[in-house]
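An overview of the molecular structure
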Amino acid sequence: GAESQPRRFGTVLSLTDRPFLEDLWPDLNMIVMDAVKEVSSSSSSSSSSPEQMKIKEAARLLEIFLDRVSLETSTVSGYLLDREFSGPALSREEWALKMEVEKFISSCSKNPAARKAPGFKFVQEMIERLGGDPSEMIK
């Protein structure tokens, strides 16, 4: 008996479990964000119910995942922060972006708490991808 699974051609990222979606669209993979990570009791607040906190945590996890996908698939060139590549070689828009990113880097490098945040490693990776030296942020 070789009853095969339907050929799946896409993925749905859902904040909460919705079993009816699998019945409605059997050709899509369903990934439930609230099933990936349990909400810690320390993250709950008195103004939010446990279910609201669970949805907030799932939304944040989804946001982080999508940011990472965006980072991995971007076509940003690795020259923006390269000190050897600046001046007239950059367009006006690139120069404006470079200045804003460098302000952000300067601000982060002066903030020890920001450097200890779990997402800091992604900031360092971004700086490296843009041609900068992430070690300059650790002063």
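Residues numbered from 1 in each chain as written. Predicted model: local features only at pLDDT ≥ 70, side-chain atom pairs only at ≥ 80, totals over all residues. Heavy atoms only, no water.

**Topic: the overall build of the protein**
Selection criterion: Where helices and strands are cited, they refer to DSSP runs of H or I of at least four residues and of E of at least two residues respectively, numbered from the N terminus. In this scheme, a residue with accessible area under 20% of its type's maximum is buried, one over 50% is exposed, and one in between is partly exposed, where area comes from a 1.4 Å probe on protein chains only. Throughout, a residue-residue contact means that at least one pair of heavy atoms, one from each residue, lies within 4.5 Å. A 1.4 Å probe and the Shrake-Rupley method give the accessible areas. Residues count as covered only by the protein chains that appear here.
Helix and strand content of the protein: five helices and two strands. Sequence-ordered secondary structure for the protein, helices as α and strands as β, is β-α-β-α-α-α-α. Counting all 139 residues of the protein, 23% fall into the buried class. Within the protein, contacts between residues separated by at least 24 positions form 37% of all contacts whose residues are at least 6 apart in sequence. Of the roughly 10,100 Å² that the protein leaves accessible, carbon and sulfur atoms contribute 55%.

**With respect to the environment of Val-12**
When you line up the elements, Val-12 lands in strand β1 (residues 10–14). Through-space distance from the C-alpha of Val-12 to that of Val-32 is 8.3 Å; in sequence the pair is 20 residues apart. Filtering out sequence-adjacent residues up to four positions away, Val-12 remains in contact with Leu-28, Asn-29, Met-30 and Ile-31.

**Considerations on the pairing of strand β2 (residues 28–32)**
For the record, the criterion: One bridge is not enough; two strands pair if DSSP finds at least two bridges between them.
Because side chains alternate across β2, one face comprises the buried residues Leu-28, Met-30 and Val-32, and the other comprises Asn-29 and Ile-31, none of which is buried. Bridging between β1 and β2 involves five bridges; their strand directions are parallel. The partner of Val-12 across the bridge, within β2, is Met-30.

**Overview of the pattern of salt bridges**
Selection criterion: When a carboxyl oxygen of Asp or Glu lies within 4 Å of a side-chain nitrogen of Lys or Arg, that pair is called a salt bridge.
Evaluated as defined, the whole model comprises four salt bridges. With a shortest N-O distance of 3.0 Å, Glu-125 and Arg-68 are connected by a salt bridge. With a gap of 57 residues between them, Glu-125 in helix α5 (residues 120–129) and Arg-68 in helix α2 (residues 50–73) connect regions that are remote in the sequence. Residue classification places Arg-68 among the partly exposed positions, given a relative accessible area of 30%. Glu-102 is paired through a salt bridge with Lys-98; the nearest N and O atoms lie 3.5 Å apart. Residue Glu-102 and its partner Lys-98 are located together in helix α3 (residues 92–109), separated by four residues, close to a single helical turn. Residue Glu-102 is classed as partly exposed on the basis of its relative accessible area of 28%.

**So, the confidence of the model for the protein**
Formally: Note: pLDDT gives the predictor's confidence per residue, expressed from 0 to 100.
With 80% of its residues at a pLDDT of 70 or more, the protein has an overall mean of 80. Confidence, expressed as mean pLDDT per element, reaches its minimum in the protein at α2 with 83 and its maximum at helix α4 (residues 112–116) with 91.

**Structural notes on the environment of Gly-119**
Positionally, Gly-119 belongs in the loop between α4 and α5. Here Gly-119 falls in the partly exposed class, since its relative accessible area comes to 36%. On a C-alpha basis, the gap between Gly-119 and Ile-64 in space is 9.0 Å, while along the polypeptide they are 55 residues apart.

**A look at the layout of surface pockets**
Stated formally: A cavity, in this analysis, means grid points on a 1 Å lattice covering only the protein atoms where a 1.4 Å probe fits yet has no way out; a pocket is instead an open set bounded by protein on both sides within 12 Å along at least five of seven lines, and a residue lines either one if it has an atom within 4 Å of a point. Grid points are joined across faces, edges and corners, and a volume is the space filled by probe spheres set on the points.
Taken as a whole, the second largest pocket holds about 240 Å³ of empty space. Looking at the second largest pocket, it is lined by 12 residues, and the ones nearest its centre are Arg-83, Glu-102, Ile-105, Asp-133 and Glu-136. For the lining of the second largest pocket, the element with the highest residue contribution is α3, accounting for four residues.

**Regarding the side chain of Thr-16**
Its location among the elements puts Thr-16 in the loop between β1 and α1 (19–24). With residues near it in sequence (within four places) discarded, Thr-16 still touches Val-32, Asp-34 and Ile-55.

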